[in-house]
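Structural overview for review
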Amino acid sequence: MSAIGGVVDTARGPDRAALERLQAVLRPYGADDQRLWLQGPCGLVRTLLRTTPEDGFDRQPVQRAEAVVLFDGRLDNRDELAAALGIAAGRAAAMADSELAAEACARWDSEAVHRLLGDWALACWQPQRQRLWLARDPLGARPLFWHQAGARFAFASLPKGLFALPGVPRTLDEGRLADLLCLLPMQGDASLFEGVKRVQPGHRVVVESGRVAAERWHRFDAGRTLRLARDEDYVEAFGEQLERAVACRLRASGLVASHLSSGFDSATVTALAARALAREGRGLVAYTAVPRAGYDGPAPAGQHVDEGPGARALARRLRNVEHVLVESGSRSPLAQLQRDIERMDRAPLNLCNTGWANAIQADAAARGVKVLLTGLAGNMSISWSGETRLPALLGEGRLGAWWTEVRALRRRERGRRWRQLLAASVAPHLPGPLWRGLQRLRGRGLSLPDYSAIHPDWLADPATRERLRGSGWDTSYQPRADGRRLRIDVLERMDNPEPAIAANVDGLELRDPTADLRLLEFCLAVPEEQSLRDGHTRWLLKRYARDLLPPEITGSPTKGLQAADWHEALAAAAPELQSALEGLQRHGRAGRLLDLASLQASLARLPARGWQRDEVVRTYRMKLLRGTAAGAFVRYAEPSNR
Amino acid sequence: MNTGADTAMDGTLAPRWPTVYAAGAPLQGWAPALQPGTPAPRAGADAQAAWQRWHDPAADTLFAPAEAPWYGAAERARVEHLAARELPGLALNLSGPSAGRNPRASCAGSTAWRVSPLAASVPSRPATKTCSPRAAHGRGPCRRRAGVRAPAAAGARPRARPQPQRPAAWNTCSVPRLRPQRGAAADAEAGPLDEALAAPPQDWRAFDPRWDEVLPASRLRRPADALALQALQGAERGPLQRLALQLRHRLAARRPSRWVFDLDEGRLDPRRLSRLCVPGAAPAVFRDLAPAPVPEACVTLLVDLSGSMRGAHALAAARAIDLALPALEAAGVRCELLGYTTREGADNPVQRAWQQAGRPAGPMRLNALRHIVFKTAAQPWRAVRPGLALLLAPDFGRENLDGDALHWAAARLARRPERRRVLLVLSDGQPHDEATAAAFGRAVLEDHLRQVIERVEAAGTRLVALGCGPGPARFYRHAVTLKGPEDVAARLFATLADLLAPEGGR
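Here's what I pulled together on the structure shown here. Fair warning: this is a prediction, and the values are worked out from it, not measured in the lab. (Residues numbered from 1 in each chain as written. Chains lettered and ligands numbered in written order. Predicted model: local features only at pLDDT ≥ 70, side-chain atom pairs only at ≥ 80, totals over all residues. Heavy atoms only, no water.)

1. Here we look at the overall build of chain A
Scanning chain A for helices and strands turns up 28 helices and 19 strands. Taken over C-alpha atoms, the radius of gyration comes to 25 Å for chain A, in line with the 26 Å a tight globule of 642 residues would show. With the C-alpha coordinates of chain A rotated into their principal frame, the extents come out at 70 × 60 × 50 Å. When burial is assessed residue by residue, chain A has 59% of its 642 residues classed as buried. (Helix = DSSP H or I, 4+ residues; strand = E, 2+ residues; numbered from the N terminus. Rg over C-alpha atoms; globule rule 2.2 N^0.38 Å. Buried < 20%, exposed > 50% of the residue type's maximum accessible area, 1.4 Å probe, protein only.)

This is how it looks when you write it as structure tokens:
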């Protein structure tokens, strides 16, 4: 994994001192090697973290007659790509991923992006054509930002790299901050900083003759449906895709570790990784975040607070797994907030979860782990529940099938009420205003101030309202009937690669097999009836994992609650939070953007019990902590000495 | 002020003053003599030291020549009263015979009332809304003009310096930015200024530099701050001390030793033992290791004292500095410790003056600098260490104008005679001054800093910045990004060891 950056200045040529600063800023993300290349109007820098055996061959920028390439990432189809390029296996084995990517760029120009599978972002400078193009993988696993001013075009893995160049202002983009506070997805190519643009996932940015053009090169196919003869065929094909997605992510120059909760996604990834590593005589470190010993706090309905037992049950089955339980509940949610913001150039969205995630990463780094597997995209891929099948059946008028499925679901999951199932089936078909009216009548309608720390005056600003309307995002969260379209919308608008590059500072690479492009496209194409059948949600994965996972996981009637003891840490950190909010009050801009009075009032009346209640979770876990994180980010973006 | 009456004191003390008493700083005017005759050397020196410490030359401008001798006598009485109260040992010396008190003689011998040109240029300043003792200190001349003996003014002044028996001649007046410093802000070994640093960047200026000041840390330190320093001493420093020891060893290891032969004592030299058998031959059969001359280097540590450094960052920096400076001294490396912030925050007299002047176009600086000298290159650390408490004071720093501070520190360093000059900046981010940024945008501060960095590097100074977060790396070509406050000491020591490695050996 690398952090990359560069400048093309056709008027004056790049300034070496500025490039050195850019490199210095990116050095923590690639501590193993740093290189600077300067020729004509183009200057490129790369810092490298070696996580695969082939990274030892990395000598970026890779120079070919047609192109000079910077590549940040990992290729998961090396053999396939080498064969297409006509490179012998022996020679390919001694080539870094960056070199293979450069060969592809030299051969296929910007169409090479269709041949590259994995987590990547790249920059390709074509000196003969005086043309630069940048691209990111379809899921945007690696970040890339750019800035243009006059004849100078600059790019970097993180905005902070661009700020090392003179003339790039570090000014907060209030619109994007509003999106962040309102939990809206990213819109367009804007970033959290004014003038700094993102290369969007699955997009290519071409700079030629002073013109910048962005184009989308990848779209998920919403119309493709996979039709196989038998139900078992789906399971077999699914298993093949999933095992390949895990196996190609085990290429590492050090230890491999994984997240292991009591849920399906990480448990499946862990089990498959352990099995594959065992065949090579290698081990796996599996991490489970658990509440403090003796914690017996309340859990929301349908959830359990301790993920340890389920995880332990799986770990016991896997001989080559070292199972590590991580307790991080006592750590203040603010403990590493500043550090995380500095590493990511953005605010973490969920402070409760960053606590245990950071604790796991710290332990992994101390053990010399190079690769940490996760299952973050599982909900959108392998463990898709299929519950949108209910409104879909209703919408198609297949009332018999709908009734059968509803009855079966009621039978399997006793916690489900008839009214809930009916509402879930009908709600997607209601007109939006009617849905929102009904929600309000039932006292369930959520307005932004319920869960967002955005300042009421700012929210009432016509420009903000217009922005919310223009986002095309339903902030009332009305259920939808088309599960595939829903998932594609989420996947295409999700762009959160910063935690992955921040982990590089700890010497780790995060890899998510559940976000494998081939696997995702397969899962999207699988018909909904393979995910919900006879009252079984996640039916496809459950069938596949029947023998892979223990009954403590497959048969659990409840889902694990991450950071269940979050409220204890929050209560203990109340004075610290109060001080942080006062600091934000003194900071002019943070005080204008955030509803600090509301946050302080919430903090002043911390509940003694009932932390599992929805409104408490919304007020404290979402609004207070997310608002505090957003405020800390404002302070970071626009520092003040107050 | 110089009455000219006490010529004996002038004659004996003047040549010795800068080197013996004032850590290299020249004397800023003599105390008026109070009686004829030659005072005892101890008493005379202490009287002059007290005068340097408690008398403000700016107040001299308030009196007509005819009033001056009377004021001088009263002022000396006030000064010695304060000295006696603060420093009992000094009081004993002053109370001895021939301490030089004779108002009549002083008045009679008075020749001319010398007005400091600088003091004359200081205007009467409007009072600001908030006025903590520290914030008010810089406005001292104004207050003292109102009442020379005012107890409030005396009370507002900080406690005494740590070495009462060794006076230092600090200049308490406002000093225009980067002009040759007066008082202790300058150095006895100061040389000419490099051309690259001789003037600030052309497109940068202060709207009104008259509020700028350079002060010794001891002037701003309050008694309460000493507690923080004690806490620093008592804190768990084991790991840091080990790192400091490693630094010492690394620096010592880089001083190549050489053997010296034919000594009368030392280690026995087997190759010269035969001399013992030769009658009449010199019995110098010993050898010993002699260290090579100390590295010709001067290190300046420039510390950001702004509000954002408060708390963990400042504490970590203080711990690291407290161990690094003795290590450098032990290795024979000259080192200077400087700090910087501004006198006020967003609402400040410079900004108000700019507004009253009709907001002339910029860019220009709209705040008053407060540069702090914790330790000059000539001072031993143990003598000035109490000043470090200022770094830990919870309410001290305001804004940070990094470009101006860097220019000042680099200019000081450039005057040093050492061939190798290292300037190490400890900061937590980017330059920030709310008043300037509001008027001209933050970019002007950043551009100015970048220009100054270019100049400093062009002048041959090795410039490195250490800082938490990506801030310093945005501006400095050589920046060390700290993972957190706990990282300061380790990275500082490692950086110092690298920077002070023999040239060509890195």
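2. Section: the packing of helix H10 (residues 337-344) of chain A against helix H28 (residues 614-637) of chain A
All names here are of chain A. Relative to each other, H10 and H28 sit at 60°, their axes nearing to 10 Å. In terms of orientation, H10 lies oblique with respect to H28. Crossing angle aside, the handedness with which H10 passes H28 is right-handed. On the side of H10, the interface is formed by Leu337, Gln338, Ile341 and Glu342, while H28 contributes Thr628, Ala629, Ala632, Phe633 and Tyr636. (Axes fitted to C-alpha atoms, helices over the stretch in contact; angles between N-to-C directions. Parallel < 35°, antiparallel > 145°, perpendicular 65-115°, else oblique. Left-handed = near helix turned anticlockwise from the far one by under 90°. Contact = heavy atoms within 4.5 Å.)

3. Thoughts on the interface of chain A and chain B
Size of an interface, as often reported, equals the accessible area lost when the parts are brought together. Tallying the contact residues gives 25 residues for chain A and 24 residues for chain B. For the pair chain A and chain B, the summed buried surface comes to about 1900 Å²; carbon and sulfur atoms form 45% of the total. On the chain A side of the contact with chain B, Arg21(A), Arg170(A) and Asn641(A) bury the most area, a combined 33% of that side's loss. Elements that contribute at least two residues to the side of chain A that touches chain B include exactly helix H1 (16-26), helix H5 (159-163), H10 and H28 of chain A. For the side of chain A that touches chain B, the leading source of residues is H1(A), giving five residues. Within the side of chain A that touches chain B, the residues separate by chemical class into 13 nonpolar, three polar and nine charged. (Buried area = accessible area lost by both parts, 1.4 Å probe. Nonpolar A, V, L, I, M, F, W, Y, C, P; charged D, E, K, R; others polar.)

4. Considering the environment of Val444(B)
All names here are of chain B. Inspection of the secondary structure puts valine 444 in helix H20 (residues 442-458). Given a relative accessible area of 15%, valine 444 falls into the buried group. Along the primary structure valine 444 and aspartate 203 are separated by 241 residues, whereas in three dimensions their C-alpha atoms are 9.6 Å apart. The contacts of valine 444, once residues within four sequence positions are left out, are Trp204, Pro363 and Thr436.

5. Section: a positive patch on the surface
Where like charges cluster on the molecular surface, the positive patch consists of Arg407(A), Arg411(A), Arg412(A) and Arg414(A). Along the polypeptide, Arg411(A) turns up in helix H13 (residues 399-412). (Patch = residues over 30% accessible without salt bridge, like charges linked within 9 Å, V, L, I, M, F, W, Y side chains within 5 Å. Areas by Shrake-Rupley, 256 points an atom, 1.4 Å probe, with all protein chains shown as cover. Salt bridge = Lys/Arg side-chain N within 4 Å of Asp/Glu carboxyl O. Lys, Arg positive; Asp, Glu negative; His and termini not counted. Charge placed at Lys NZ, Arg CZ, Asp CG, Glu CD.)

6. Describing the sheet that holds strand S11 (residues 203-208) of chain A
All names here are of chain A. Across the sheet, six strands lie side by side as S4-S5-S6-S7-S11-S12; this open sheet has antiparallel pairing. Taken across any chain shown, the strands that pair with only one partner, and hence form the sheet edges, are strand S4 (62-63) and strand S12 (211-216). Direction of pairing for strand S5 (residues 68-75) relative to strand S6 (residues 118-126): antiparallel, over a ladder of eight bridges. Of the residues in S6, the one forming a bridge with leucine 70 is alanine 123. Lying over the sheet, helix H4 (residues 97-108) contacts S4, S5, S6 and strand S7 (131-136), oriented at roughly 125° with respect to S5. (Pairing = 2+ DSSP bridges.)

7. Concerning the packing of helix H18 (residues 402-414) of chain B against H20(B)
All names here are of chain B. The geometry of H18 relative to H20 is characterised by a closest axis approach of 8 Å and an angle of 20° between their N-to-C directions. It follows that H18 is roughly parallel to H20 by the angle criterion. Of the two possible hands of crossing, H18 and H20 adopt the one that is left-handed. Side by side, H18 and H20 meet where Asp402, Gly403, Asp404, Leu406, His407 and Ala410 of the first sit next to His448, Leu449, Val452, Ile453 and Val456 of the second. Of the residues in the contact of H18 with H20, the class split is six nonpolar, three polar and two charged.

8. Focus: the side chain of Glu405(A)
All names here are of chain A. Of note, glutamate 405 is situated in helix H13. With a relative accessible area of 5%, glutamate 405 lands in the buried category. At 2.8 Å, the side chain of glutamate 405 and the backbone nitrogen of glycine 535 are in polar contact. In contact with glutamate 405, not counting residues within four places along its chain, are Arg389, Leu390, Leu393, Leu532, Arg533, Asp534 and Gly535. (Polar contact = N/O pair within 3.5 Å; in protein donor to acceptor, adjacent residues only side chain to side chain.)

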